[in-house]
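The primary structure of each chain is shown beneath.
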Amino acid sequence: MRIWINFLALLPGTTVTVLVISIAFLRFYDERDFSILGIIPDPRIWSNRLTVAALLATLVNFGVEWNRRNRETDRLAKEEQRRLEEKQRRLEAEECAARRARVEAERDIAFGTLLIDPSDENREKLQQVLILLREYQDSL
C-alpha cells in the first residue's frame, strides 16, 4: 500500500512537467515544424487549457508536498518526544537507585554504629532508619 502512496505522490509533479512541456510545444511550434500540429484545430486555445490544467496540477502538487512535510515534521516531533520520555524514565530510575543507595547506606551506618556502641541513642537511630525503610519499601 505504501508503494502506491509513494507512486501517487509523484503523479502531480510529473503531470505538471508533462503539461509544461505540452504548453511549450503548442506555443512555440506550428505545423511547419511538426505536422502533427495540423491535427489540432487551434493550438493556442489548447495551450491555454493546458496552462489552466498545469496550474491545477501545481496546486495539487503543493498540497501533496505540504502534507508530506507535515507528516515528516510530526514524525520528527514524535521521535523527539519519545526520546525525551525515555530520558525522563532513565533519570527517574537513576534517582530511585540513588535514593535507595542512600537509605541503605544510612541503614548500614546506623547498624554499624549500633554494633560498635550499643547505646539507646544508636538503637533509636537504627529504629528511625528502619521505619524510613518501611515507608519507602514500595517506592524503592
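Look a little higher up for the structure.
**Regarding the overall build of the protein**
Summing up its helical and strand segments, the protein has three helices and zero strands in all. The order of α-helices and β-strands along the protein, N terminus first, is α-α-α. Taking 2.2 N^0.38 as the reference for a compact globule, 140 residues should give roughly 14 Å; the C-alpha atoms of the protein span a radius of gyration of 38 Å, well beyond that estimate. Of the contacts formed within the protein by residues at least 6 apart in sequence, a portion of 52% connects residues at least 24 apart. Looking at the protein as shown, the accessible area adds up to about 11600 Å², and 61% of this sits on carbon and sulfur atoms. Distance from the positive charge centre (22 side chains) to the negative charge centre (23 side chains) of the protein: 8 Å.

**Considerations on the pattern of salt bridges**
A side chain with one charge may pair with a side chain of the opposite charge, provided their charged atoms come close. Within the structure shown, the criterion is met by seven salt bridges. Two residues, R68 and E65, come together in a salt bridge whose shortest N-O distance is 2.9 Å. With R68 and E65 both in helix α2 (residues 43–116), this residue pair falls three residues apart, about one helical turn. Classification of R68 as partly exposed rests on a relative accessible area of 38%.

**A few points about helix α1 (residues 2–28)**
In this model, α1 (27 residues) spans 40 Å end to end at C-alpha, consistent with the 39 Å of a helix rising 1.5 Å per residue. Along α1, the sharpest kink reaches roughly 30 degrees, centred on P12. For α1, every residue scored as buried is listed here: P12, V16, L19, I23 and L26.

**Quick look at the packing of aromatic side chains**
Aromatic ring pairs are described here by two measures, namely the spacing of the ring centres and the angle between the planes. For the structure shown, the criterion picks out one aromatic pair. The interplanar angle of 45 degrees and the centroid separation of 5.7 Å between the aromatic rings of F62 and W66 together place this pair among those described as tilted. One end of the pair is F62 and the other is W66, both in helix α2 and four residues apart, which spans about a single turn. For F62, a relative accessible area of 52% gives the class exposed.

**Considering a nonpolar patch on the surface**
Together, F28, Y29, F34, I36 and I39 give the surface a local cluster of nonpolar side chains, amounting to about 580 Å² of exposed area. Given the relative accessible area of 68%, I39 is considered exposed.

**Some details on the environment of D42**
Within the fold, D42 resides in the loop between α1 and α2. Taking the C-alpha atoms as reference points, D42 and L26, separated by 16 residues in sequence, lie 9.3 Å from one another.

**Thoughts on helix α3 (residues 120–135)**
Look at α3: 23 Å from first C-alpha to last across 16 residues, which is about the 22 Å you get at 1.5 Å a residue. Every buried residue belonging to α3 is among N122, L126, V129 and L133, and all of these are buried. The buried residues of α3 occupy an angular sector of 60 degrees when the element is viewed end-on, so they sit on one face. Residues of α3 that are exposed and point over 90 degrees away from its buried face: D120, E121, R134 and E135.

**A closer look at the nonpolar core**
By size, the foremost hydrophobic cluster in this structure holds eight residues: V16, L19, I23, L26, L37, L50, A54 and A57. Those elements that place two or more of their residues in this core are α1 and α2. Among residues more than four places away in sequence, those in contact with L50 are L19, S22, I23 and L26.

Calculation criteria
Residues numbered from 1 in each chain as written. Predicted model: local features only at pLDDT ≥ 70, side-chain atom pairs only at ≥ 80, totals over all residues. Heavy atoms only, no water. Helix = DSSP H or I, 4+ residues; strand = E, 2+ residues; numbered from the N terminus. Rg over C-alpha atoms; globule rule 2.2 N^0.38 Å. Contact = heavy atoms within 4.5 Å. Areas by Shrake-Rupley, 256 points an atom, 1.4 Å probe, with all protein chains shown as cover. Lys, Arg positive; Asp, Glu negative; His and termini not counted. Charge placed at Lys NZ, Arg CZ, Asp CG, Glu CD. Salt bridge = Lys/Arg side-chain N within 4 Å of Asp/Glu carboxyl O. Buried < 20%, exposed > 50% of the residue type's maximum accessible area, 1.4 Å probe, protein only. Expected span 1.5 Å × (residues − 1). Bend = angle between axes of the 7 residues up to and from the residue. Phe/Tyr/Trp six-rings, centres within 6.5 Å; stacked < 30°, edge-to-face > 60°. Patch = residues over 30% accessible without salt bridge, like charges linked within 9 Å, V, L, I, M, F, W, Y side chains within 5 Å. Arc of directions from axis to C-beta. Core = buried A, V, L, I, M, F, W, Y, C linked by side-chain atoms within 4.5 Å.

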